[in-house]
Amino acid sequence: MRAFIAAFMILIAASSAIASVVEVGSPAPAFTATDLDGNVVHLSDFTGKIVVLEWINEGCPFSKGHYLSGNMQALQQEYTGKGVVWLTINSTRTDHPEYFAPSAAKKQLAQWGTHATRNLIDTAGTVGHLYGAKTTPHMFVIDNQGVLRYSGAIDDHRATDGGQTAHVNYVREALNALLAGKPVTTTTTTSYGCSVKY
């Protein structure tokens, strides 16, 4: 009987954890993480700004594709130039073969010419689980009122070619709408890429 009760309590806890993942239209959960230089970064540091969260893994062919094609850096540069904050988040656990130590990640991102505002580390997976990040990349767009307005894929084509064969870039559409003071039309899509290595 005790074993049954314990199993039931675990199931309830798991269900609660799943239910706690933020939904589009809800306030984006606050979080604290460190960047690749060891500086503490809070989501609240960017209050009043539109914020993009990009889940990344430098070893993932899908993440690499978007950087090797220049697609991700171009988006970062274009929209940070318009006042948008762009945060990359790596939730790969430290004992996974695809884990990049901060120095290695900094070197790789510098080679790719990233234009992200900050590059964050989330090896415990706390932020990733909070947002329900499933893939690299997995994209989230938060408006200047702190409300999540988009969650999902970067574009409409599941490929490692870095968006070169995509017809629609959902992140671009969401950002353009928010910058124009309009509602985001496509708010949720299914992300694609490598699984986040929690």
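The structure presented is a predicted model; accordingly, all values stated were derived computationally and were not measured.

*Asks:* Describe the packing of aromatic side chains, listing the residues and the values that go with them.
*Replies:* All told, the structure shown has seven aromatic pairs when counted by the stated rule. A ring pair is formed by F31 and Y131, whose centres lie 6.0 Å apart and whose planes are at 85°; its orientation type is edge-to-face. Placement of the pair is F31 in the loop between α1 (2-19) and β1 (32-35) and Y131 in helix α5 (residues 126-131), with a sequence separation of 100 residues. Accessibility expressed as a relative area gives 7% for F31, which makes it buried. Overall, Y131 belongs to the buried group, its relative accessible area being 2%. Aromatic rings pair up to connect F31, W55, Y131 and F140 into one cluster.

*Asks:* Go over the environment of S151 with me, naming the residues and quoting the values.
*Replies:* If you trace the backbone, S151 turns up in strand β8 (residues 148-152). Placed ten residues apart in sequence, S151 and V141 show a C-alpha to C-alpha distance of 6.7 Å. In contact with S151, not counting residues within four places along its chain, are V24, H138, M139, F140, T187, T188 and T189.

*Asks:* Can you lay out the pairing of strand β3 (residues 51-55) for me, pointing to particular residues and giving the numbers?
*Replies:* For β3, the tally of buried residues reaches five of five residues, placing the bulk of the element in the interior. Taking every second residue as pointing to the same face, both faces of β3 are buried, with V51, L53 and W55 on one and V52 and E54 on the other. Here β3 pairs with strand β4 (residues 85-90) via five bridges, running parallel. Each bridged residue has a counterpart across the sheet, and for L53 the counterpart in β4 is L87. Summarising the sheet, β3 and strand β7 (residues 139-142) pair through four bridges and their orientation is antiparallel. Each residue of the ladder has a partner; that of V52, found in β7, is V141.

*Asks:* Any details on the pattern of salt bridges? Residues and values, ideally.
*Replies:* Under the definition given, this model contains seven salt bridges. Across the salt bridge formed by R118 and D35, the nearest N and O atoms sit 3.0 Å from each other. Residue R118 is found in strand β5 (residues 118-121), and its partner D35 is found in strand β1; the two are separated by 83 residues along the sequence. For D35, a relative accessible area of 6% translates into the label buried. Between D37 and K106 there is a salt bridge whose closest N-O contact spans 2.5 Å.

*Asks:* Lay out the state of the cysteines with the relevant residues and their values.
*Replies:* Considering all chains together, one arrives at one disulfide under this definition. Bridging C60 to C194, the disulfide has an S-S length of 2.3 Å. The S-S bond linking C60 to C194 shows a torsion near 90°; that makes this disulfide right-handed. Residue C60 is found in the loop between β3 and α2 (61-68), and its partner C194 is found in strand β9 (residues 194-195); the two are separated by 134 residues along the sequence.

*Asks:* Lay out the pairing of β5 with the relevant residues and their values.
*Replies:* Relative to β5, β1 is paired through two bridges, and the arrangement is antiparallel. The residue of β5 that forms the bridge with D35 is L120. Tracing the backbone out of β4, into helix α4 (residues 102-112) and back to the parallel element β5 gives a crossover that is right-handed.

*Asks:* How would you explain the environment of P137 if you had to name every residue and give the values?
*Replies:* Along the chain, P137 falls in the loop between β6 (135-136) and β7. Residue P137 is classed as buried on the basis of its relative accessible area of 2%. The contact partners of P137, leaving out residues within four places of it in the chain, are W55, F62, S63, H66, M72, I154, S191 and Y192.

*Asks:* Would you mind going over helix α6 (residues 170-179) in detail, with residue names and values included?
*Replies:* Where α6 is concerned, the buried positions are Y170, V171, A174, L175, A177 and L178. Along α6, the residues classed as buried sweep out an arc of 160° about the axis, all on the same side. Next to the buried residues of α6 lie β3, α3 (71-80), β4, β7 and β8. Near the N-terminus of α6, the side chain that reaches the backbone nitrogen of V171, with its oxygen 3.2 Å away, is that of N169.

Procedures and definitions
Residues numbered from 1 in each chain as written. Predicted model: local features only at pLDDT ≥ 70, side-chain atom pairs only at ≥ 80, totals over all residues. Heavy atoms only, no water. Phe/Tyr/Trp six-rings, centres within 6.5 Å; stacked < 30°, edge-to-face > 60°. Helix = DSSP H or I, 4+ residues; strand = E, 2+ residues; numbered from the N terminus. Buried < 20%, exposed > 50% of the residue type's maximum accessible area, 1.4 Å probe, protein only. Contact = heavy atoms within 4.5 Å. Pairing = 2+ DSSP bridges. Salt bridge = Lys/Arg side-chain N within 4 Å of Asp/Glu carboxyl O. Disulfide = S-S within 2.5 Å. Right-handed = clockwise from strand over helix to strand, strands pointing away. Arc of directions from axis to C-beta. Polar contact = N/O pair within 3.5 Å; in protein donor to acceptor, adjacent residues only side chain to side chain.

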